[in-house]
Amino acid sequence: MPSNTTITPEWHLPRHNPFRVDRLHQLAFRGRYGSASDLLHRFEQLNRRAAIIGPHGSGKTTLVEELCELLQTRGDSVCRLRLTSEFRSSASGNVSDWLRDSNTSSILVLDGAEQLHWLTRVKLIWRSRSHAGLLTTSHTPCWLPTLIETQTSTDLLRELIGELAPSFDLPPTLPKQLLDRYQGDIRACLRHLYDLAASGELQPTGYSGTTSA
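Quantities reported herein were computed from a predicted structural model and do not represent experimental measurements. The residue count restarts for each chain, going from 1 along the sequence in the order it is written. Confidence filtering applies because this is a predicted model: local features only for residues at pLDDT of at least 70, side-chain atom pairs given and counted only at 80 or more, and all residues used for totals across whole chains, interfaces and linings. Where side-chain values are given, they derive from all heavy atoms of the structure, hydrogens and water being excluded.

Asks: How should the packing of aromatic side chains be read in this particular structure?
Replies: Here a ring pair, both rings aromatic, is described through the centre-centre distance and the interplanar angle of the planes. Centre distance within 6.5 Å is the pairing criterion for rings of Phe, Tyr and Trp, where only the six-membered ring of Trp is used; planes under 30 degrees apart are then read as stacked, over 60 as edge-to-face, and the remainder as tilted. Summed over the entire model, instances satisfying the criterion amount to two aromatic pairs. Taking the centre distance of 6.5 Å and the plane angle of 80 degrees together, the rings of Phe-19 and Phe-168 count as edge-to-face. Pair noted here: Phe-19 is in the loop between strand 1 (4-6) and helix 1 (21-25) and Phe-168 is in the loop between helix 6 (154-164) and helix 7 (174-181), with a separation of 149 residues, a long-range link. The pair formed by Phe-19 and Phe-168 is uniform in burial state, with each residue classed as buried. Ring geometry for Trp-118 and Trp-143: centres 6.4 Å apart, planes at 55 degrees, overall tilted. Placement of the pair is Trp-118 in helix 5 (residues 118-127) and Trp-143 in the loop between strand 5 (133-138) and strand 6 (146-149), with a sequence separation of 25 residues. The buried label goes to any residue with under 20% of its type's maximum accessible area, the exposed label to any with over 50%, and the partly exposed label to all in between, with areas taken from a 1.4 Å probe on protein chains only. Accessibility expressed as a relative area gives 53% for Trp-143, which makes it exposed. Helix and strand definitions here come from DSSP, where helices need a minimum of 4 consecutive H or I residues and strands a minimum of 2 consecutive E residues; each element is numbered from the N-terminal end.

Following this line, the structure appears as structure tokens:
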């Protein structure tokens, strides 16, 4: 006899989850001040020394990755270092080693300058003068001209969700609730949506969750 049997749809599996990490990495930067190419032109106008400023999870790393790709595509050498809070105690030493080993013909790209003591930041700016350029990201201004200040919004989160999971029917208030909960950190919001999709709490429109067997 036919019976209702709960099934596990493909999107519950990590490789099919619309909010999985590799799909997040494919998202292009969205900003109010033009494309990554436009910002690269502004970077040149600032003598290749600038900072991307914005709160955690606001797209700074995504933008840095796009800018690095554009720089390398046109033939520039890029030497990149990313600092995280997990290794904050060793950040200054990592920067010293990075500077020592880098070629002066390279553009230095430091993602996570907020992990550095202010004095180390000053030393970095001073010691990098002989390099082809310096681009940093930070939560707050750090003695470099601001290339762009990244921001988040409910509309931006909705747009990203629509691109990642166009067939999913989300409660209209969910994006704002998530953004409030994670204090504007869009990356954390998308991780939360990954968990909801994996648990089956988020489903494509029209899915019933059962099938006949």
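Asks: Teacher, can you tell me more about the nonpolar core here?
Replies: What is meant by a nonpolar core is a set of buried Ala, Val, Leu, Ile, Met, Phe, Trp, Tyr and Cys residues, joined one to another through side-chain atoms within 4.5 Å. In this structure, Phe-19, Leu-157, Leu-190, Leu-193 and Leu-202 are the most contacted members of the largest nonpolar core, which totals 21 residues. Broken down by element, this core gets its largest block of residues, six residues, from helix 8 (residues 186-199). Each residue touching Leu-193, except ones within four places of it in the same chain, is listed here: Phe-19, Ile-161, Leu-170, Leu-174, Leu-178 and Leu-202. Residue contacts follow a heavy-atom distance rule, with two residues in contact if any of their heavy atoms lie within 4.5 Å.

Asks: Would you mind going over unusual backbone geometry with me for this structure?
Replies: Glycine aside, residues mostly have negative phi angles, and peptide bonds mostly take the trans form. At Trp-143, a residue that is not glycine, the phi angle is positive and equals roughly 60 degrees. With phi around 55 degrees, Gln-183 is a residue other than glycine that occupies positive phi space. Residue class for Gln-183 comes out exposed when judged on its relative accessible area of 74%.

Asks: Please explain the sheet that holds strand 6 as it appears in this structure.
Replies: Strands pair, by our definition, only if DSSP identifies at least two bridges between them. In space, the five strands of this open sheet follow the order 3-4-5-2-6, with parallel pairing throughout. Lying at the two open borders of the sheet, with one neighbouring strand each, are strand 3 (78-82) and strand 6. Each adjacent strand pair in this sheet contributes to an overall mean axis angle of 15 degrees, direction not counted. Across five bridges, the pairing between strand 3 and strand 4 (residues 107-111) is parallel. Angular values range over 0 to 180 degrees, each being the angle between N-to-C directions of two axes fitted as lines to C-alpha atoms, with helices fitted over their stretch in contact.

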